[in-house]
Each structure stands twice: as C-alpha cells, then as structure tokens.
Amino acid sequence: MTSAPRTTHHRRIRTARKPVIGALAVAGLLAGAWWASAGAATTAPNLAPTSTAVTLATGFPYLSAGYNGTREWTRTATAAAPNGTLRVAWPAADGVHVTPLTAAGARSGADTVVKGAKEVGGLVAHDDGFALLTRVADTNKWKETAAAIVRYTGGKQTFRTNLTGTASQDTAPLLDGQLTWNGTKYGAYFVVHGAGGFADGHYGDKMAYVSGKGAKSSGGWSWGCSHNEGIALHAETSGAFTSLCFDDWRSGLFVSTGIGAPDTAPVVQREQCWAGYCGGTFPGRTGDLVKSSTGRYVTAFASRGAASAKKNPADSSGRGWTVTPRTSTHQVALAFMKDRNSGPGKAVYLTSAVGTENVNVHVAPYGKDRLLVSWDSLKTTKCTSGTCTGTFTGTHFRLVDWTGKVQSADKVVTTRVTGDIAVLKDGTLTWAYAPVAPTYATPLTGASPTTKTLRIARLKP
C-alpha cells in the first residue's frame, strides 16, 4: 500500500507556528549520577580518539545549509573494506572524491574522482575499489539529478546504474540516503521526487536493490514514506534490508522494512515531523542503525518528544497524525527494537535540559556489549519553526549498554563526528571530519567555507 503523495517540497516548508514547551520525560539515567555511584572501583574508559591528518587535493565545503539555514556538517562517508583498508568519500566542486587510506588512517594513493557526482549518499568499500550512492546528471521535466550507484574497480568505473529516470517517473534532487552491501547485493534507500504518474510533483522515498554486477534486482519499493526526513538502513544476509524513515504525514519515526509506505509499520517514536522539526538532513538527525549479535537493533536521533499525538481529523485517509512536541529543543534519544519487524518500547533519553539544543546525533557499536553515542550541544538557544541557533558547548561521547543504561560519564572531545562511522574487525571506530571550530550561532548563508585537510579519527574500545 502506498501513501498518497504530498505536494510541498520538504526542504522548503516554513511555518510560523511555535512548538509547545514542556517538561521532558527522561527514560534514561543521567551520566553523572551513575558514574558517581560506581566509585573508584570502576575503571573509566578512554573515550579520547586519536587522529591522523590527510591533505586534500581540492577544497572540501564542510558545511551545508539545512532547514531554515541551520548549519549542518557536510556528510563524509568512511567505509572499511574486508582487507581492513579504508575509503573516505567527500564532495567537492569537481565531483565526489574517494580517498584511499590504510587501516591506520594514512593516505595510500591518489583520490578517485567521480566526475559530476553531486552528493555522498552512501559508500561501500571493497578490497578492489568501492561503490558510491550519489546523484548524476539526468534529462527530466524538472531538470533534476538522478540517483545512481557507481562502482569503481582498480581505479576504473565498472558500472553506473541509475535508480531514477523517465521509465520510473522519478528524480532525485537530494538523497539523504544510505547504501549497504550484504556480500551479494547493494541496497540503496533515498528520497525521490515524482516526475509523472500519480506522484507527479510530490516527494517520497525509494528502496532499490542492485546486484554486484550492477543489475537491478527485485524487491524494495518505488514510493514510500511521505517527505522522508531521515533514513537508516542495515543490510541483512537474506530478505529485505532493515530500514527506518522519518515521515511527515504519519508524524514520526517508523520501521519501514519491506513495505511501500509506513501506513501499517511499527512506530518507533511519534514526532512533529514538519520540515526541520524532526529528521532533517542526514548528518544531523538520523542514519545510524546498529544491530547486536542477538538480533536487536538500536537507532539514535534528535527528538522533541510528544506532549500529545492524535490522528488528524482533517485527513480523510485516516493516516495523518498531529503531534504536539514536548520541548522546543531537541534531546538525544535512543530507540531499541527486539527485531526488524517490531516497534520498540519507550525511547530512552540521554539528555533533558530543555534550554539546551542537541544536534549531530550518532550511535555506533563499542566493543561486545556497549554503544557509543555522540552529539553536539548548544546553549543560549533561540528556536524558530523547529530549528535552533546557539553557542556550541562541545561534542559529547557517552557509553551505554543495550538497554540504554549509562556506562560512562560524558567525555567532551574535539573530534566531531560528521558522517558515517566505519567499524574495523578489531572493533576500532574510525571516521573523517573537518578540523575546524564549530559554530551554530547563525544560519548558514551563501557558500560553505572549505578546507584542504581532513582528520581521520580512531577510537579503539
């Protein structure tokens, strides 16, 4: 079953309606209280990453304008190949660059430049190259780009498979996407714009599978979550890949595996999902979906909660929802799912200060049975139409277990997380970031500043 299309571009919605501010119901434990009770018998984990500098051949525009000009870190994607080597993808004026690195994070060769590519939508590293989900030039009624998976082997392009086009009556003016690989096929999940048919002019999302040789495979869907404002995807050895979406019509975060729309999907969390109010561009809201050895899942997201949630009586379909947010600022939330077909219990909140805005939320596996959660915090916040500006007060790292129970005090670090995190065979986490002082004090107007250096961070459990 598909959701009826929506007409408004989800990146251009603006509203003067102000959210309701209320007390946040905290389901998690605060780090300080737990750590104090542990006493001297507990050995504090070392949450200070090391990093290596990599010089770039051209400028990397490290900021992107999100809703209402909100400053977002331009996405980089770091991926580990089976042999332990790394690839980092980052956009530039001449295309998307993919930089080869050793397992230690040092440059091991010249960049491969995917000419004309417009966005890093996801990256898979192979021993002999990589696959990139990106946007490329296309001919269509909207004069917009097409989504494509581009595979390089030994430095040469071996296939480019377009995932939108005239035949499917869709385009991809932005991706907010994910690309995963299970050893046999790729799964790509991304935003689409209707260019004909029932969805003409509307926005939804698409899930597509492609073989290791570039052939389109069965499964997925052509039209899914309405105005998807945040995407997560996990490859499975068999069956549909597990996916999550933020949906503005149903107002919240949903499990969307194997279906064309979240009309009957398990609800992860109700949120006011007007553009900019939840979800958002990939770097700042969601995208991480971690699976445990026992088959459980966890995702982390920036949440304003729900003071109330009810069906919208003005929506004759019966599928629309209206959510009144609990806070004006976003708090750090975790949602745990026992399997890929079930909704979780109540979200576990790791922060609760209603005057503090929290952005750039990520989660990654940390050793056998713990999780690393990271986020940027802002104080002296001013919020308008779901987005906030404020003074940057640090990037936080915190460990939790698979119930959300805090396992460490917060560590404030200078190595921000600005995109995908790769996990090496020994459990080391590694990612790329621009070594610049962050500011969230004002919206981003005009072109992004650039840097010719990336730092490759490493954190070993």
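Structure: above.
### Topic: the overall build of the chain
Within the chain, the regular secondary structure consists of 1 helix and 33 strands. The proportion of buried residues among the 461 residues of the chain is 59%. At a minimum sequence separation of 6, the contacts of the chain that also span at least 24 residues come to 60%. Total accessible area on the chain stands at roughly 17,400 Å², and carbon and sulfur atoms take up 53% of it.

### A few points about the state of the cysteines
This structure, assessed with the given rule, holds 2 disulfides. Each disulfide pairs two cysteine sulfurs, and for Cys-225 the partner residue is Cys-245, the sulfurs being separated by 1.9 Å. On the sign convention where negative is left-handed, the bridge of Cys-225 and Cys-245, at about -65° about the S-S bond, is left-handed. A residue pair is termed long-range when its members are at least 10 positions apart, and Cys-225 in the loop between β16 (216–221) and β17 (231–234) and Cys-245 in strand β18 (residues 242–247) qualify at 20 residues. The same class applies to Cys-225 as to Cys-245, namely buried. The disulfide that involves Cys-383 links it to Cys-388, with 2.1 Å between the sulfurs. Handedness here is read from the sign of the S-S torsion; for Cys-383 and Cys-388, about 100°, the answer is right-handed.

Criteria and thresholds
- Note that residues are indexed from 1 along each chain, following the sequence as it is written.
- For a predicted model such as this one, the threshold for reporting local features is a pLDDT of at least 70, and the threshold for listing and counting side-chain atom pairs is 80 or more; totals across whole chains, interfaces and linings nevertheless cover every residue.
- To get the side-chain values, take all heavy atoms of the structure and skip hydrogens and water.
- In this description a helix means any DSSP run of H or I spanning at least four residues, a strand means any run of E spanning at least two, and both kinds are numbered starting from the N terminus.
- For the exposure calls, accessible area comes from a 1.4 Å probe over protein chains only, and a residue counts as buried if that area is under 20% of its type's maximum, exposed if over 50%, partly exposed in between.
- For this analysis, residues touch if any pair of their heavy atoms sits within 4.5 Å.
- The Shrake-Rupley method, run with a 1.4 Å probe, gives the accessible areas here. Residue values count only the displayed protein chains as cover.
- Any cysteine sulfur atom paired with another within 2.5 Å is treated as part of a disulfide.

All quantities given are derived from atomic positions and should not be read as evidence of function.
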